[in-house]
Amino acid sequence: MKGLYIILAAILLTSCQNQSKQDLNKAKQASIDSMKVEINKQRVIDSMKTEMAKIKEEQRVESEKEKVVVVHQQATNGNTATTTTTTKKKGWSATAKGAVIGAGVGAATGAIVSKKKGEGAVIGGLAGAALGTGTGAVIDSKKKKE
């Protein structure tokens, strides 16, 4: 009978140690998963920052190209008339801004919410871009009416 109690006590102690190892492994896995989520979020943010930097650089180059000065001189009886014309870049439309902002927010939200981060980011980005484009188009049409 004493031998049976000793065997049961040994089994109980062994199972408790095994349970604590499983809990420790679950905690490690949860930590790894949360780190992966944060890495994916940061990756989306970094890619959006890179794209915005490219867009700003393109805008800067375009604005330098757009600055055109036309000088026309005409001599009439010793008088000189000078005409100077400058063209100014209009900038982004509200539709384009809405699409870019919507895509960024949608991608970040999709990556956060979805279990499959990459797939969620793509779907969220597309949905956000669609909604942002629609909202921007409404804003553009209101500006044209004014």
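Residues numbered from 1 in each chain as written. Predicted model: local features only at pLDDT ≥ 70, side-chain atom pairs only at ≥ 80, totals over all residues. Heavy atoms only, no water.

An unreviewed UniProt entry annotates the chain as Glycine zipper family protein of Flavobacterium fluviale.

Participant: What is the right way to read the overall build of the chain from this model?
Facilitator: Secondary structure assignment for the chain yields three helices and two strands. Reading the chain from its N end, one meets helices and strands in the order α-β-β-α-α. For the chain, buried positions account for 14% of its 146 residues. Pairs at least 24 residues apart make up 46% of the contacts formed inside the chain by residues separated by at least 6 positions. Total accessible area on the chain stands at roughly 11,700 Å², and carbon and sulfur atoms take up 62% of it. (Helix = DSSP H or I, 4+ residues; strand = E, 2+ residues; numbered from the N terminus. Buried < 20%, exposed > 50% of the residue type's maximum accessible area, 1.4 Å probe, protein only. Contact = heavy atoms within 4.5 Å. Areas by Shrake-Rupley, 256 points an atom, 1.4 Å probe, with all protein chains shown as cover.)

Participant: Is there a simple way to think about the pattern of salt bridges in this case?
Facilitator: A side chain of one charge can pair with a side chain of the opposite charge if their charged atoms are brought near each other. As enumerated under the stated definition, the model contains three salt bridges in all. The salt bridge involving Lys41 is made with Glu38; its shortest N-O contact spans 2.9 Å. You can see Lys41 and its partner Glu38 sitting in helix 1 (residues 2-66), three residues apart, about one turn around the helix. (Salt bridge = Lys/Arg side-chain N within 4 Å of Asp/Glu carboxyl O.)

Participant: Explain the packing of helix 2 (residues 94-113) against helix 3 (residues 117-145) to me, please; I cannot follow it from the model alone.
Facilitator: Pairs of packed helices are described in terms of their axes, by the angle between the two and the distance that separates them. One way to put it is that helix 2 packs onto helix 3 with a least axis distance of 5 Å and a crossing angle of 155 degrees. Viewed along their axes, helix 2 and helix 3 adopt a mutual orientation that is roughly antiparallel. You can see that helix 2 and helix 3 cross each other, and the crossing is right-handed. (Axes fitted to C-alpha atoms, helices over the stretch in contact; angles between N-to-C directions. Parallel < 35°, antiparallel > 145°, perpendicular 65-115°, else oblique. Left-handed = near helix turned anticlockwise from the far one by under 90°.)

Participant: Just to check I follow, could you spell out the layout of surface pockets for this structure?
Facilitator: Think of a ball as big as a water molecule: rolled over the atoms, this probe shows where empty space is left. Of the volumes computed, that of the largest pocket is approximately 220 Å³. As for the largest pocket, its lining consists of 15 residues, of which Val44, Ser47, Met48, Ala103 and Ala107 are closest to the centre. Only helix 1, helix 2 and helix 3 provide two or more residues apiece to the lining of the largest pocket. Among the elements that make up the lining of the largest pocket, the one with the highest residue count is helix 1 (seven residues). Residue classes in the lining of the largest pocket are distributed as nine nonpolar, four polar and two charged. (1 Å grid on protein atoms, 1.4 Å probe; cavity = no way out; pocket = protein on both sides within 12 Å on 5 of 7 lines; lining within 4 Å. Points joined across faces, edges and corners; volume = space filled by probe spheres on them. Nonpolar A, V, L, I, M, F, W, Y, C, P; charged D, E, K, R; others polar.)

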